[in-house]
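Residue-level listing of the chains:
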Amino acid sequence: MSRPVDSPGDEAVDDAELLRGVALGDRQAFELFYARYVSWLLSRLQHRCPDQALVEDVVQETFVAVWRSAEGFRAGSGGDAAGWLWRIGSRRLVDAMRGHGSRQSLFQRLVRMRDKGDQPSAEDEVLRELPHGDLADALRRLPPELGAVLHATVVDGLTVKEASTLLCIPIGTVKTRAMRARRLLQQELL
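These figures come from a predicted structure and were not determined experimentally. (Residues numbered from 1 in each chain as written. Predicted model: local features only at pLDDT ≥ 70, side-chain atom pairs only at ≥ 80, totals over all residues. Heavy atoms only, no water.)

1. A look at the overall build of the chain
Stage number 1. The helix and strand inventory of the chain stands at ten helices and zero strands.
Stage number 2. Ordered by position from N to C terminus, the α and β elements of the chain give α-α-α-α-α-α-α-α-α-α.
Stage number 3. Counting only residues that meet the buried cut, the chain has 39% of its 190 residues in that class.
Stage number 4. Relative to all contacts within the chain whose residues are 6 or more apart in sequence, the contacts with residues 24 or more apart total 64%.
Stage number 5. As displayed, the chain offers around 11000 Å² of accessible surface, 53% of which is attributable to carbon and sulfur atoms. (Helix = DSSP H or I, 4+ residues; strand = E, 2+ residues; numbered from the N terminus. Buried < 20%, exposed > 50% of the residue type's maximum accessible area, 1.4 Å probe, protein only. Contact = heavy atoms within 4.5 Å. Areas by Shrake-Rupley, 256 points an atom, 1.4 Å probe, with all protein chains shown as cover.)

2. Notes on the nonpolar core
Stage number 1. Of all hydrophobic cores here, the largest spans 42 residues; its most connected members are Phe33 and Phe63.
Stage number 2. Secondary-structure elements contributing two or more residues to this core are helix H1 (15-23), helix H2 (27-46), helix H3 (52-69), helix H4 (81-99), helix H8 (144-155), helix H9 (160-167) and helix H10 (171-189).
Stage number 3. With ten residues, the top contributor of residues to this core is H4.
Stage number 4. For Phe63, the residues in contact, after removing those within four places along its chain, are Phe30, Phe33, Tyr34, Tyr37, Val38, Leu41 and Leu85.
Stage number 5. Core analysis: the next-biggest nonpolar cluster, separate from the first, contains six residues, Ala138, Leu142, Leu146 and Ala181 among them. (Core = buried A, V, L, I, M, F, W, Y, C linked by side-chain atoms within 4.5 Å.)

3. What about the packing of aromatic side chains?
We describe a pair of aromatic rings using the distance from one ring centre to the other and the angle between the two ring planes.
Stage number 1. Inspection of the entire model under this criterion finds eight aromatic pairs.
Stage number 2. Plain terms: the ring middles of Phe33 and Phe63 are 6.4 Å apart, the flat faces sit at 65° to each other, and that makes the pair edge-to-face. With Phe33 in helix H2 and Phe63 in helix H3, this pair connects stretches of sequence that are 30 residues apart. Neither Phe33 nor Phe63 differs from the other in exposure class; each is buried.
Stage number 3. Connected via pairs of aromatic rings, a cluster forms that spans Phe30, Phe33, Tyr34, Tyr37, Trp40, Phe63 and Trp67.
Stage number 4. The lysine or arginine in question, Arg44, covers the ring of Trp86, its NZ or CZ lying 4.2 Å from the ring centre. (Phe/Tyr/Trp six-rings, centres within 6.5 Å; stacked < 30°, edge-to-face > 60°. Lys NZ or Arg CZ within 6 Å of the ring centre and 35° of its normal.)

4. Quick notes on the environment of Leu146
Stage number 1. Inspection of the secondary structure assignment puts Leu146 in helix H8.
Stage number 2. Separated by 32 residues in sequence, Leu146 and Ala178 have C-alpha atoms that sit 6.6 Å apart.
Stage number 3. With residues up to four places along the chain from it excluded, the contact list for Leu146 reads Arg177, Arg180, Ala181 and Leu184.

5. A look at the side chain of Asp15
Stage number 1. Inspection of the secondary structure assignment puts Asp15 in helix H1.
Stage number 2. The exposure class of Asp15 is buried, given its relative accessible area of 10%.
Stage number 3. Of the polar contacts made by the side chain of Asp15, one reaches the side chain of Arg36; its length is 2.5 Å. (Polar contact = N/O pair within 3.5 Å; in protein donor to acceptor, adjacent residues only side chain to side chain.)

6. As for the pattern of salt bridges
Stage number 1. Under the counting rule described, the total for this entry stands at three salt bridges.
Stage number 2. Here Asp15 and Arg36 are joined by a salt bridge, their closest N and O atoms 2.5 Å apart. In this pair, Asp15 is assigned in helix H1 and Arg36 in helix H2, connecting sequence segments 21 residues apart. This pair shows no difference in class: Asp15 is buried, exactly as Arg36 is.
Stage number 3. We note a salt bridge from Arg27 to Glu31, for which the minimum N-O separation is 3.5 Å. Taken together, the residues span about one helical turn, with Arg27 and Glu31 both in helix H2 at a distance of four residues.
Stage number 4. Residue Glu31 is classed as partly exposed on the basis of its relative accessible area of 44%. (Salt bridge = Lys/Arg side-chain N within 4 Å of Asp/Glu carboxyl O.)

None of the figures reported here should be taken as evidence of function without further support.
Written out as structure tokens, the structure reads:
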């Protein structure tokens, strides 16, 4: 997972060092880590959820979690800070979307946002151009945990193992959710 570009002078401090400082309560290290990743995380989560307020809340919760659990980051175990941060943020987004009510409630919010003239995402534009336009609607009606797996494996092009790491779920769960999502899509599109 690529890391955002640092501001001049910041590249001397690596992410693991910053997170060690955060774990010790170093506010400056936290502020630098936040500045380094907030735009990147916000942008990535906005591609997963069109509700700007929800995404901003999730980003805030994610950085609060970083402040509280920075000691949980293990640089030597093959993980990078961006991947660790993404796992926290993406799981919180799925939880927030699940907690925001039923799939119907989410669908109604999406419709209201589109009616306000918001620009559709690039993914929506591509799906709209497909000859089977019902696919986009069927994708929106999937439960968030199934949609997250499809997004990770199809849109982001991740392998099952990478999706498992990203979503912090077992490989078998990724496969099962992908199969359930495909089955639900097939039923809706027939």
